[in-house]
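Observations on chain architecture
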Amino acid sequence: MTDQVSEMDDQELLLAEMYDSRINRYSCTCNKTYKTKGHFKRHLEKEHEWDFALNQDTTNSAMHSKVDHVAVWRASFTKLSLLLRDTEDAYHYGDGDRIFRNAKFEMLCAEAAHHTKYRLWLWRMQAYETAILSPRQAVEYKWNCTANTHGGKGKNIPNDNLVETLVQKIKKKLREQGSNITNNSAQRIALSIQIQEELKENILRHFTSKEKGRSKPTVNRDSELNLLMTELLDGEVFDVIQGREFHAFRGFSDIFSRVKAEELHKWISDQKFRASYEMF
């Protein structure tokens, strides 16, 4: 996929160089001009043998029938599980490098699963750090995307979760005011709620007391894990058997193999153009 996307980037750069801004048209070496990129690309394909359609489907039906789709499912599940575990660990320790590195893989997962909202959020997250912000702002953005409200190593949470928690507490305070609520009081609550919570937690910690209902008992899941592993072993999930597949998920393919490089490249190119006048 990397080679395909690199070739697409080279083609887009060549097309950009062939655009004449004086006449607002694409100018070809054969002295023909075109107003739209689509017509210009069709001309290059037909008259100059350019190849814009990159075929990704290189597997034939014979090879497809020999694939162990259960093993593919197992590998895909393990891959995504490790990605989730590593991302959670990166947020717990505030590791900006790992958070942004994993965001690239998460964007591919969102692309394959057609989750447009998450794909756009992950792309803009990377765009801010890579190109839009100044070097100093980019470093601050990368290493300040988590917060630690209780202190201690490995207890950070994403800023999004912190905002959601504070919003719930603000709503509770606003409901307590009832009909006495005003715009100024709501503003004071929003600005002071986090400081109030920190003061309350410091007082409770100083007197070695815990607020009622704030923690859940630890659950021992060893028996459940042992049962799960026994069922997987009995089902030969960890073996490789050619031609095997789930009856409910026939022809299962790896999540990253579902990413269509040409469509993803076009979407990213569109987002770059949109960011040029929307994001600042």
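Residues numbered from 1 in each chain as written. Predicted model: local features only at pLDDT ≥ 70, side-chain atom pairs only at ≥ 80, totals over all residues. Heavy atoms only, no water.

Details of helix H11 (residues 261-278)
What counts, and what does not: Helix and strand definitions here come from DSSP, where helices need a minimum of 4 consecutive H or I residues and strands a minimum of 2 consecutive E residues; each element is numbered from the N-terminal end. The span one expects for a helix is its residue count, reduced by one, times 1.5 Å. Buried residues are those whose accessible area, probed at 1.4 Å on protein chains only, stays under 20% of the maximum for their type, while exposed residues exceed 50% and partly exposed ones sit between those limits. The arc in question is formed by the directions pointing from the helix axis toward the C-beta atoms. Contact criterion: two residues are considered in contact whenever any of their non-hydrogen atoms come within 4.5 Å of each other.
Look at H11: 25 Å from first C-alpha to last across 18 residues, which is about the 26 Å you get at 1.5 Å a residue. Every buried residue of H11 is listed here: Ala261, Leu264, His265, Trp267, Ile268, Gln271 and Ala275. The buried residues of H11 occupy one face: seen down the axis, they fall within an arc of 160 degrees. Across H11 from its buried face, at more than 90 degrees, point the exposed residues Lys266, Phe273, Ser276 and Tyr277. Looking at the packing, one finds that the buried side of H11 touches helix H1 (2-17), helix H5 (96-112) and helix H6 (116-132).

Let's talk about the nonpolar core
Counted only if it meets this: Side-chain atoms within 4.5 Å link the members of a nonpolar core, which is a set of buried Ala, Val, Leu, Ile, Met, Phe, Trp, Tyr and Cys residues.
Ile99, Trp123, Met125, Leu264 and Ile268 are the most contacted members of the largest nonpolar core, which has 23 residues in total. Of all elements in the fold, only helix H4 (69-92), H5, H6 and H11 reach the threshold of two or more residues within this core. At seven residues, H5 tops the list of elements feeding residues into this core. Excluding residues that lie within four positions of it along the chain, Met125 makes contacts with Tyr91, Ile99, Phe100, Ala103 and Tyr141. Met18, Tyr26, Tyr34 and Phe52 belong to the second largest nonpolar core, which has eight residues in total.

Things to note about the sheet that holds strand E1 (residues 19-20)
The criterion, for reference: Note: two strands are recorded as paired if DSSP finds a minimum of 2 bridges between them.
Ordered by their spatial adjacency, three strands build an open sheet running E1-E2-E3, and the pairing between neighbours is antiparallel. Of all the strands in the sheet, just E1 and strand E3 (33-34) have a single pairing partner and so form its edges. Looking at chain direction, strand E2 (residues 25-27) and E3 are connected through two bridges and run antiparallel. Bridge pairing in E3 links Tyr26 to Tyr34.

Thoughts on the packing of H4 against H5
So the rule is basically this: Axis definition: a line fitted to C-alpha atoms, limited for helices to the stretch in contact. Angles are taken between N-to-C directions and run from 0 to 180 degrees. Crossing chirality is assigned from the near helix's rotation relative to the far helix, an anticlockwise turn below a right angle marking it left-handed and a clockwise turn marking it right-handed. In this classification, Asp, Glu, Lys and Arg are treated as charged, Ala, Val, Leu, Ile, Met, Phe, Trp, Tyr, Cys and Pro as nonpolar, and every other residue, Gly included, as polar.
Running from amino to carboxyl end, H4 crosses H5 at an angle of 145 degrees, the nearest separation of the two axes being 10 Å. Both H4 and H5 take part in a crossing whose hand is left-handed. Note on element contacts: H5 touches H4 through Arg98, Ile99, Arg101, Asn102, Phe105, Glu106 and Cys109, opposite Leu80, Leu83, Asp86, Thr87, Asp89, Ala90 and Tyr91. Of the residues contributing to the contact of H4 with H5, the split by class is seven nonpolar, two polar and five charged.

Considerations on the packing of aromatic side chains
The line we're drawing: Note on ring pairs: Phe, Tyr and Trp rings are taken, using the six-membered ring of Trp, and paired if centres are within 6.5 Å. Classes follow the plane angle, with under 30 degrees stacked, over 60 edge-to-face and the rest tilted.
Across all of its chains, the model carries ten aromatic pairs by this definition. Pairing Phe100 with Tyr141 gives two aromatic rings, centres 5.8 Å apart and planes at 70 degrees, and the pair type is edge-to-face. Residue Phe100 is located in helix H5, and its partner Tyr141 is located in helix H7 (residues 135-143); the two are separated by 41 residues in the primary sequence. For Phe100, a relative accessible area of 5% puts it in the buried group.

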